[in-house]
Each structure stands twice: as structure tokens, then as C-alpha cells.
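The lines below spell out each chain.
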Amino acid sequence: MPRSTTVPAALAVLMGVLLVGVMADGPVAPERVPGAWREVEALPSPRLDGPVSLEAALLGRRSVRSFSDVPLTVEEIGQLLWAAQGVTDDAGHRTAPSAGAMYPLELDVVTADGFARYVPDGHRLAWRGDADLRASLSEVAQGQAAILEAPLVIVISGVPERTAARYGERAERYVAMEAGHAAQNALLESVSLGLGAVVVGAFDDEAVRRLLALADGEEPLYLVPIGHPR
Ligand SMILES: Cc1cc2nc3c(=O)[nH]c(=O)nc-3n(C[C@H](O)[C@H](O)[C@H](O)COP(=O)(O)O)c2cc1C
């Protein structure tokens, strides 16, 4: 979970360099990195053999908009992120298809403990802040209660420039398609975990961008509140 101590810039750079070295060798303990990235947390390895068949997950998926207070475990959060964008082979391919394997999606998680960016390479979370953004996120999504109640909201953003480098003006279309693939994977994984979820497309893009301090070119496309159905 995020901590709020400040690290002098030079030390932070040094720690970042050390951190990259540690990451190459496998799981890392929480560490500090320079800039906006404050702490990197290795997620537990995803489970590769769930108890629910794909057909049962398809049959059981229904939009759920009301959640209990029970928080999600780090295993559940990691499993959901892996389902959406996890790396599945040594070449770096992921659970969801991507036009030209350009991987233009970025996933942020919003929880009661703070907000973080999913780093598919190494299956990690880079914590970015310890504020609980769910109330503000709900506010800029037409006050939708699902976002306020859910212990986890996955924010799926796209970076069309990445795909445009190869596919030009078809990039917007491809990136939106890819957000759908990633979201559907997360929805089906939610069923497999006994959780409920809904995809939310109704929100103020600019306000979400500001709230999550998204970088230039990162376009929020989908919010996915997930939790234990109430
Ligand atoms: C592109 C898209 C945007 C959506 N946006 C919202 C939304 O903002 N709020 C919401 O409660 N549901 C939203 N939904 C969920 C739909 O309302 C839901 O899928 C539909 O009612 C069918 O129900 P089901 O998902 O249980 O099959 C969205 C679905 C899609 C595909």
C-alpha cells in the first residue's frame, strides 16, 4: 500500500536504477521510484486454473451495480488485472489481443487505499497516490453509485498514438476495440472469482483525466467497478 514519505530527487533516481535491476530478477518488495511513481508492489502470481468454466462465466455474467463493503484481496485485484492485460508469453503478448501487438492500453486501479497503475511486465502495481478517488470518480460519472460502492474500480485508458504509429487513422477504432476486449476479460474473471462488475462508459473524459493525472495522450475509455455483490 502507498506510503507518503518524500525521497530526495538524487536518492530517488538512484533507487529507481537499483529497482530496475531488482525487477529483472523477479518479484520485488515495495520500493520507491522517481517522479510520480511512488512505490512498486509485486502482485501475487495469477491463478491459471479457476473453478468456473468459460461457458459458466459467460452464462453467469450480468451487470452488477451494488456492492458490499468487503474489500478485495490483493490476489483478486492481481487476478482481475492479469485477466484484462496480463502478459502470457515470453514475447510479451497479453491476455487480450492488440492490433499489431502495439498494446495501447493503460490500466489504473482506484481503491480505498489509493490509486495505482498496472505494469503488465512483471505483473506489478506502481502506486501513484494514497487518496481514495472513488467519490470524485463517481461524481464525474453522473453520480453513479456503483463507482462509489465498489472496493475496486479499474480505469481503462487508451493511447491512440501508439497504435497510430502503425495504423494511422484507424488507431482510434482499434484502441476502443481493445478496451472492450480487456473489459470483457475483467468481467468474465469477476464471475470466475464470485465477484460482480459493470462497465461504465458515461463519464466526463477531461475530469477523469485530471483526477487520475493521466499523461498527455492517455484517453480514459472505460471505468469498471468491481466488488462483492450486495
Ligand atoms: C459501451 C457501454 C457503456 C456502458 N455504460 C454504462 C454506464 O455508464 N453505467 C451503467 O450502469 N452501465 C453501463 N453499461 C452496462 C449496460 O447497461 C449493460 O451491459 C446492459 O444493460 C445489459 O445488461 P448486462 O450487462 O447485465 O447483460 C454500459 C455498457 C456498454 C457496452
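Everything here concerns the structure above.
My aim in this report is to walk through the structure given alongside it, one point at a time.

Cut-offs used in this document
- Residues numbered from 1 in each chain as written.
- Predicted model: local features only at pLDDT ≥ 70, side-chain atom pairs only at ≥ 80, totals over all residues.
- Heavy atoms only, no water.
- Pairing = 2+ DSSP bridges.
- Helix = DSSP H or I, 4+ residues; strand = E, 2+ residues; numbered from the N terminus.
- Contact = heavy atoms within 4.5 Å.
- Axes fitted to C-alpha atoms, helices over the stretch in contact; angles between N-to-C directions.
- Buried < 20%, exposed > 50% of the residue type's maximum accessible area, 1.4 Å probe, protein only.
- Near = heavy atom within 4 Å.
- Polar contact = N/O pair within 3.5 Å; in protein donor to acceptor, adjacent residues only side chain to side chain.
- Areas by Shrake-Rupley, 256 points an atom, 1.4 Å probe, with all protein chains shown as cover.

## Observations concerning the sheet that holds strand β4 (residues 124–129)
Spatially, the seven strands line up as an open sheet ordered β1-β4-β3-β2-β5-β7-β6, and their pairing is antiparallel. Lying at the two open borders of the sheet, with one neighbouring strand each, are β1 (39–42) and β6 (196–197). Where β6 and strand β7 (residues 219–227) come together, two bridges link them in antiparallel fashion. Within β7, the residue paired with A197 across the bridge is I226. Relative to the sheet, helix α3 (residues 74–85) contacts β1, β2 (105–111), β3 (114–119), β4, β5 (152–158) and β7, its axis offset from that of β2 by approximately 160°. In the packing of helix α7 (residues 171–192) onto the sheet, contacts are made with β2, β5, β6 and β7, and the angle to β7 comes to roughly 5°.

## Describing unusual backbone geometry
Its identity is not glycine, yet A101 carries a phi of approximately 50°, on the positive side. Note on placement: A101 falls in the loop between α3 and β2. Here A101 falls in the partly exposed class, since its relative accessible area comes to 36%.

## Some details on the site of the ligand
Neighbouring residues of the ligand: R61, R62, S63, R65, Q144, V198, V199, V200, G201, A202 and Y222. Between the ligand and R61 there is a distance of 2.8 Å, counted from an oxygen atom to a side-chain nitrogen or oxygen. In the model, a nitrogen atom of the ligand is placed 3.0 Å from a nitrogen or oxygen of the G201 main chain. In isolation the ligand has 620 Å² of accessible area, and contact with the protein removes 54% of it.

Function-wise, these values are silent; they only describe arrangement.
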